[in-house]
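Here is how the chains run, residue by residue.
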Amino acid sequence: MNRCAHCRTKLNASGQCPGEQPLIRDRWGTAAQIAHRLGRDITAKTVHDWLTRAADPKDRLYGLLDRRNLPGRGRGATYVDLLQAAPVERMTRTSTRGAHRQLDVAVVAA
Ligand SMILES: [Zn+2]
């Protein structure tokens, strides 16, 4: 199964990443779509990790990112607001320098 080199989401039958679809109203997207609007080291999993952290009252990212299910856009699809995700990306980039990022974990383990 081929995966997108950027967000690691499975490519569709025509070899395209679903993350390359335009955002809804220029701001709402799936984790894959949001990952494509942020840095090259941001994967769909990174965005999901942020959502998990944003729901944890003990986490620094608590309350900063909302998870929304938009009606009529596919069963159970979670949408994230780019206007919230961009500052979260900056926070995780400047202060904990990739502590929660898959790529950097591999570097630490090496
Ligand atoms: Zn992608």
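Anything mentioned here points back to the structure above.
Keep in mind that this is a model prediction, so the values were computed, not measured.

Undergrad: Help me understand the nonpolar core in this model?
TA: One broad trend across soluble globular proteins is that nonpolar side chains are buried collectively. Counting residues in hydrophobic clusters, the biggest one holds 18 residues, and the most contacted among them are A31, I34, A35, V47, V80 and A85. Of all the secondary structure elements, the ones that give two or more residues to this core are α1 (31–37), α2 (44–54) and α3 (82–94). Every residue in contact with A85, bar those within four places of it in the chain, is listed here: I34, L38, V47, L65 and V80.

Undergrad: Which parts of the structure should I look at to understand unusual backbone geometry?
TA: Glycine aside, residues mostly have negative phi angles, and peptide bonds mostly take the trans form. Here the phi dihedral of R8 falls at roughly 70°; this positive angle occurs in a residue that is not glycine. Looking at the element boundaries, R8 is found in the segment before β1 (28–29). Since 16 C-beta atoms lie within 10 Å of it, R8 is described here as partly exposed. Positive phi, close to 50°, is recorded for R25, a residue that is not glycine. On the secondary structure map, R25 appears in the segment before β1. Using a count of 8 C-beta atoms within 10 Å as the deciding quantity, one classes R25 as exposed.

What counts, and at which threshold
- Residues numbered from 1 in each chain as written.
- Predicted model: local features only at pLDDT ≥ 70, side-chain atom pairs only at ≥ 80, totals over all residues.
- Core = buried A, V, L, I, M, F, W, Y, C linked by C-beta atoms within 7 Å.
- Buried ≥ 20, exposed ≤ 12 C-beta atoms within 10 Å, placed from the backbone.
- Helix = DSSP H or I, 4+ residues; strand = E, 2+ residues; numbered from the N terminus.
- Contact = placed C-beta atoms within 7 Å.

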